[in-house]
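Chain and residue survey
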Amino acid sequence: GAVVSQHPSRVICKSGTSVKIECRSLDFQATTMFWYRQFPKKSLMLMATSNEGSKATYEQGVEKDKFLINHASLTLSTLTVTSAHPEDSSFYICSARGQLEGEQFFGPGTRLTVL
Amino acid sequence: AQKVTQAQTEISVVEKEDVTLDCVYETRDTTYYLFWYKQPPSGELVFLIRRNSFDEQNEISGRYSWNFQKSTSSFNFTITASQVVDSAVYFCALSEVLNTDKLIFGTGTRLQVFP
């Protein structure tokens, strides 16, 4: 299967700082990337869908100015958590899809802890 | 509206027992995909199966088998002769093909297999 990487795998930051998480498709071009959030012992909740070269589509209740998503190339999408607060602490997972109706491939996730 | 229900939050079994994880879904579309993913303690989602709505044939892959019944909107997953390495959280998910393929996840079932 295709490989999706995320960096960093873990990050600890102070409240008020911004954190950038990268999601890369290593061996295919991802026309669409998805960002999910998972609280401990909870399910994955879709935050936003991004298509290369266009603005991300955010799910209801997700703050666009808080969670900035950029999908500047066919192999890279970034999620920036701006002015992070302790309640933003979570496990963030990206997925990438190479073609319409194709399978999504998931990254290994990034665990964010905001102190 | 789309919804995936996994009524079993936690299941504990002893090695070599068979175990079935239930999944019930709701969708208004006639075309959709159903998925099962495994999430071990490391956090990375492992794809297990994708089934489209037109294919009701049951599938078997080694110790894993899936029973898809459109009449009851269920897509149950059975592990036969369970092993300790099967311990993980298992998610059932739904995507509606015409809606950008975003995945709607169930709440997951935590399976613990004891030696």
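Just above, that's the structure.
Residues numbered from 1 in each chain as written. Chains lettered and ligands numbered in written order. Predicted model: local features only at pLDDT ≥ 70, side-chain atom pairs only at ≥ 80, totals over all residues. Heavy atoms only, no water.

Another point: unusual backbone geometry. Residues and elements named next belong to chain A. A cis geometry characterises the amide bond from His 7 onward to Pro 8, with omega recorded as 0°. Along the chain, Pro 8 falls in the loop between strand 1 (4-7) and strand 2 (10-13). The backbone of Ser 83 sits at a positive phi, close to 40°, despite the residue not being glycine. Among the secondary structure elements, Ser 83 is positioned in the loop between strand 8 (76-81) and strand 9 (90-97). (Helix = DSSP H or I, 4+ residues; strand = E, 2+ residues; numbered from the N terminus.)

A word on the environment of B:Ile79. Checked against the element boundaries, B:Ile79 lands in strand 9 (residues 74-79). Apart from the residues within four sequence positions on either side, B:Ile79 is in contact with B:Glu17, B:Asp18, B:Val19, B:Arg63, B:Tyr64, B:Asp86, B:Tyr90 and B:Leu111. (Contact = heavy atoms within 4.5 Å.)

Time to look at the pattern of salt bridges. All names here are of chain B. The full count for this structure, using the stated rule, is five salt bridges over all chains. When the shortest N-O distance is used, the salt bridge between Asp 55 and Arg 51 registers 3.0 Å. On the accessibility criterion, Arg 51 (6% relative accessible area) is buried. Two residues, Glu 59 and Arg 51, come together in a salt bridge whose shortest N-O distance is 2.9 Å. Among the charged side chains, a salt-bridge network with shared partners connects Arg 51, Asp 55 and Glu 59. (Salt bridge = Lys/Arg side-chain N within 4 Å of Asp/Glu carboxyl O. Buried < 20%, exposed > 50% of the residue type's maximum accessible area, 1.4 Å probe, protein only.)

This part takes up the state of the cysteines. Counted by the stated rule, this structure contains two disulfides over all chains. Put simply, A:Cys23 and A:Cys94 are joined by a disulfide, and their sulfur atoms are 2.0 Å apart. Residues A:Cys23 and A:Cys94 are joined through a disulfide that is right-handed, its torsion about the S-S bond being 80°. Here A:Cys23, found in strand 3 (residues 19-25), pairs with A:Cys94, found in strand 9; they are 71 residues apart in sequence, far enough to count as distant. As far as the burial class goes, A:Cys23 and A:Cys94 line up, both buried. Across the disulfide, B:Cys23 is cross-linked to B:Cys92 (sulfur-sulfur distance 1.9 Å). Sign of the S-S torsion, about -65° for the bond between B:Cys23 and B:Cys92, identifies this disulfide as left-handed. Residue B:Cys23 is located in the loop between strand 3 (19-21) and strand 4 (24-26), and its partner B:Cys92 is located in strand 10 (residues 88-96); the two are separated by 69 residues in the primary sequence. The two residues B:Cys23 and B:Cys92 agree in class, both being buried. (Disulfide = S-S within 2.5 Å.)

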